[in-house]
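The chain contents come next:
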Amino acid sequence: MTTSHNDDKRPTPDPAEDNAFFPSPYSLSQFTSAKSDLSGADYPNPYKGGRWKILLIGADERYLLTDNGTMFSTGNHPVETLLPMYHLDKAGFAFDVATLSGNPVKFEFWAMPSEDAEVKGLYDKYRDRFKSPLKLADVIEKALGDDSDYIGVFIPGGHGALIGLPESQEMKQVLQWAVAKDKFVISLCHGPAALLAAGLDESASTCAFNGYRICAFPDALDATTPDIGYMPGHLTWKFGERLQALGIEIINQDISGATHQDRKLLTGDSPLAGNNLGKLAAAALLEEVATK
């Protein structure tokens, strides 16, 4: 009996790097789709003030080392990035894009919904900013004062969010600024790993997000993805476990597209939550600007 291409659970080699791999054909058939579930992005009264925008902090590294020495070829997940952006863009909010290094945002292009004209169109709109982002340290120096034009921060998911952001003092500065200035923080799936930066050099009791409840991709599910070749090996650490050690509660145990709002922190559990989080965030930001 021959195995069809889509039944192949072996990770696909990435020819650009030694011992690096994309997800297996089988896992892509299970976890990606040519069309996203984008819907409901109708905002008859969008924000027209022109001032308030959102700071997107993207992944600037592609290769994530796993426990067996292989590397996962990752980045930001297109659906987790572009669906929330699509809703917020339609609601009238522009984006600045930044990375830690100022190097381009890396995407998991194998998850791009290739037949979704709206999503691909939004990518094209922001393509130049993804390719030439701001350097986060420069944004902090020049644009995060008391009179900042940022209404919030968006940290997209994808395993690329596990690389650099959780250990970044700049990420910590942005998160502390957001909490202190009552700004929104929006994230989903593996993006909430960036919240670990708020705990750098802090105890659980002094972490800015202690006592918050979030949705995120569960550690237990991450442990199973190598079984179908989504990742070529297991993660070397568990971000959910570390968040919980800081007093941040993850309220979901599986992935269903769930979202949660705790104060100004808006989170979602997986790519399934991209559209729902976009709707939640657009409604929350529109309500906020109506009172400003």
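Overview of the structure. (Residues numbered from 1 in each chain as written. Predicted model: local features only at pLDDT ≥ 70, side-chain atom pairs only at ≥ 80, totals over all residues. Heavy atoms only, no water.)

Attention now moves to the side chain of Ser148. Following the sequence through the fold, Ser148 ends up in the loop between α4 (136–143) and β8 (150–155). With a relative accessible area of 3%, Ser148 lands in the buried category. If sequence neighbours within four positions are ignored, Ser148 has contacts with Arg51, Trp52, Ala143, Trp177 and Lys183. (Helix = DSSP H or I, 4+ residues; strand = E, 2+ residues; numbered from the N terminus. Buried < 20%, exposed > 50% of the residue type's maximum accessible area, 1.4 Å probe, protein only. Contact = heavy atoms within 4.5 Å.)

Right, let's get into the side chain of Lys106. With respect to the helices, strands and loops of the structure, Lys106 is situated in the loop between β6 (94–99) and α3 (117–131). Although Lys106 is buried, it forms no salt bridge, and the closest oppositely charged side chain is Asp60 at an N-O distance of 6.2 Å. One polar contact links the side chain of Lys106 to the main-chain carbonyl oxygen of Pro104, over a distance of 3.1 Å. (Lys, Arg positive; Asp, Glu negative; His and termini not counted. Salt bridge = Lys/Arg side-chain N within 4 Å of Asp/Glu carboxyl O. Polar contact = N/O pair within 3.5 Å; in protein donor to acceptor, adjacent residues only side chain to side chain.)

Phi is positive for Asn19, which is not a glycine, with a value near 60 degrees. Within the fold, Asn19 resides in the loop between β1 (12–13) and β2 (20–22).

Scanning all chains against the criterion turns up 10 salt bridges. Across the pair Asp149 and Arg51 runs a salt bridge whose closest N-O atoms are separated by 2.7 Å. With Asp149 in the loop between α4 and β8 and Arg51 in the loop between α1 (25–31) and β3 (53–57), this pair connects stretches of sequence that are 98 residues apart. Accessibility expressed as a relative area gives 33% for Asp149, which makes it partly exposed. A salt bridge links Arg213 to Glu249; its shortest N-O distance comes to 3.2 Å. Taken together, the positions of Arg213 in strand β10 (residues 213–214) and Glu249 in strand β11 (residues 249–250) put the pair 36 residues apart, joining distant regions of the chain. Residue Glu249 is classed as partly exposed on the basis of its relative accessible area of 39%. Among the charged side chains, a network of salt bridges with common partners joins Asp182, Lys264 and Glu288.

Summarising burial for β6: five of the six residues are buried, a large majority. One ladder, built from five bridges, connects β3 with β6; its direction is parallel. Residue pairing for β6: Ile54 is matched across the bridge by Phe95. Bridge analysis of β6 against strand β7 (residues 134–135) gives two bridges, and the strand direction is parallel. Along β7, the bridge assignment pairs Ala98 with Leu134. (Pairing = 2+ DSSP bridges.)

With that out of the way, let us pick up the sheet that holds β8. The strand order β7-β6-β3-β8-β9-β13-β12 describes an open sheet built from seven strands, whose pairing is mixed. Lying at the two open borders of the sheet, with one neighbouring strand each, are β7 and β12 (259–262). As paired elements, β3 and β8 share four bridges and run parallel to each other. Directly across from Ile54, in β8, lies its bridge partner Gly152. Helix α2 (residues 78–90) contacts β3, β6, β8 and β9 (184–188) of the sheet and is inclined by roughly 160 degrees relative to β8. (Axes fitted to C-alpha atoms, helices over the stretch in contact; angles between N-to-C directions.)

When you tally the buried positions in β9, you get five out of five residues, the bulk of the element. Of the strand pairs in this sheet, β8 and β9 are connected by four bridges, and their pairing is parallel. Within β9, the position partnered with Ile155 by the bridge is Ser187. Handedness of the β8-helix α5 (residues 169–180)-β9 crossover: right-handed. Where β9 lies against strand β13 (residues 265–268), four bridges are found, and the strand directions are parallel. Its bridge partner lying in β13, Ser187 is registered against Thr267. (Right-handed = clockwise from strand over helix to strand, strands pointing away.)

These results come straight from atomic positions and should not be treated as a statement about function.
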